[in-house]
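Summary of structural features
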Amino acid sequence: MLYFYIMELHELAEDIRYAGETCEISFENASIHFTISIGCCYQEQPASTLKELFNEADQRLYIAKRNGKNYVQM
């Protein structure tokens, strides 16, 4: 069952990443395109502090950035 929760989290992150990738913002006479890198984590047991949870997700984000732009890292 845990696998399904993780897959749902990954799909949600991918949906967010794709929404950014396909978004086009018009500004004056130009179009702005952007990408999103996402780091997220899932823990069976709650982290002892919210700070620990954010630190784990932050480490995943650094891995996502190292792997290239427009990337989701679980």
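By convention here, each chain's residues receive numbers from 1 onward along its written sequence. At least 70 in pLDDT is required for a residue's local features to be given in this predicted model, at least 80 for side-chain atom pairs to be given and counted, and no such filter applies to totals for whole chains, interfaces and linings, which use all residues. Just so you know, side-chain values use all the structure's heavy atoms and leave hydrogens and water out.

1. As for the overall build of the protein
- Secondary structure elements follow DSSP: runs of H or I no shorter than four residues count as helices, runs of E no shorter than two count as strands, and numbering proceeds from the N terminus. Along the protein, the regular secondary structure elements total 2 helices and 4 strands.
- Listing every helix and strand of the protein by position from the N terminus yields α-β-β-β-α-β.
- Computed over the C-alpha atoms, the radius of gyration of the protein is 15 Å, more than 25% above the 11 Å expected from 2.2 N^0.38 for a compact globule of 74 residues.
- Projecting the C-alpha coordinates of the protein onto the three principal axes gives extents of approximately 50 × 25 × 20 Å.
- By definition in these notes, contact holds between two residues if any of their heavy atoms fall within 4.5 Å. A separation of at least 24 residues holds for 51% of the contacts in the protein among residues at least 6 apart in sequence.
- Each accessible area is a Shrake-Rupley result for a 1.4 Å probe, and residues are judged covered by the shown protein chains and nothing else. Just so you have it, the protein exposes about 5,800 Å², and 56% of that area is on carbon and sulfur atoms.
- Positive charge is attributed to Lys and Arg, negative charge to Asp and Glu, and no charge count is given to His or to the chain ends. By convention, the point assigned to a charge is CZ for Arg, NZ for Lys, CD for Glu and CG for Asp. Taken as two groups, the 6 positive and 11 negative side-chain charges of the protein have centres that lie 10 Å from each other. Only C-alpha atoms enter the radius of gyration; for comparison, a globular chain is expected to reach 2.2 Å times N to the power 0.38, where N is the number of residues.

2. What to know about the confidence of the model for the protein
- In the predicted model, the protein carries a mean pLDDT of 87, and the fraction of residues at 70 or more is 95%.
- Confidence, expressed as mean pLDDT per element, reaches its minimum in the protein at helix α2 (residues 50-66) with 88 and its maximum at strand β2 (residues 30-32) with 93. For every residue, the predictor reports its confidence as pLDDT, a number between 0 and 100.

3. What to know about unusual backbone geometry
- With a phi angle near 55°, glutamate 28 is a residue other than glycine that sits in the positive phi range.
- With respect to the helices and strands, the residue glutamate 28 is situated in the loop between β1 (25-27) and β2.
- Only protein chains enter the accessibility calculation, which uses a 1.4 Å probe. A residue is then buried if its area is under 20% of the maximum for its type, exposed if over 50%, and partly exposed in between. Among the residues examined, glutamate 28 registers a relative accessible area of 70% and is labelled exposed.
- For asparagine 70, which is not glycine, the phi dihedral falls at a positive 65°.
- Mapped onto the fold, asparagine 70 is located in the loop between α2 and β4 (72-73).

4. Describing the pattern of salt bridges
- The term salt bridge refers to a pairing of a side-chain nitrogen on Lys or Arg with a carboxyl oxygen on Asp or Glu at a separation within 4 Å. Counted by the stated rule, this structure contains 3 salt bridges.
- A salt bridge links arginine 17 to glutamate 14, with the shortest nitrogen-to-oxygen separation between them at 2.7 Å. Highlighted residues: arginine 17 and glutamate 14, both in helix α1 (residues 2-22), separated by 3 residues, approximately one helical turn.
- Judged by its relative accessible area of 24%, glutamate 14 falls in the partly exposed class.
- Note that glutamate 56 and arginine 60 form a salt bridge whose closest N and O atoms lie 2.8 Å from each other. You can see glutamate 56 and its partner arginine 60 sitting in helix α2, 4 residues apart, about one turn around the helix.
- Exposure remark for glutamate 56: the relative accessible area of 27% places this residue in the partly exposed category.
- Given a relative accessible area of 25%, arginine 60 falls into the partly exposed group.
- Among the ionic contacts, a cluster of salt bridges with common partners joins Glu14, Arg17 and Glu21.

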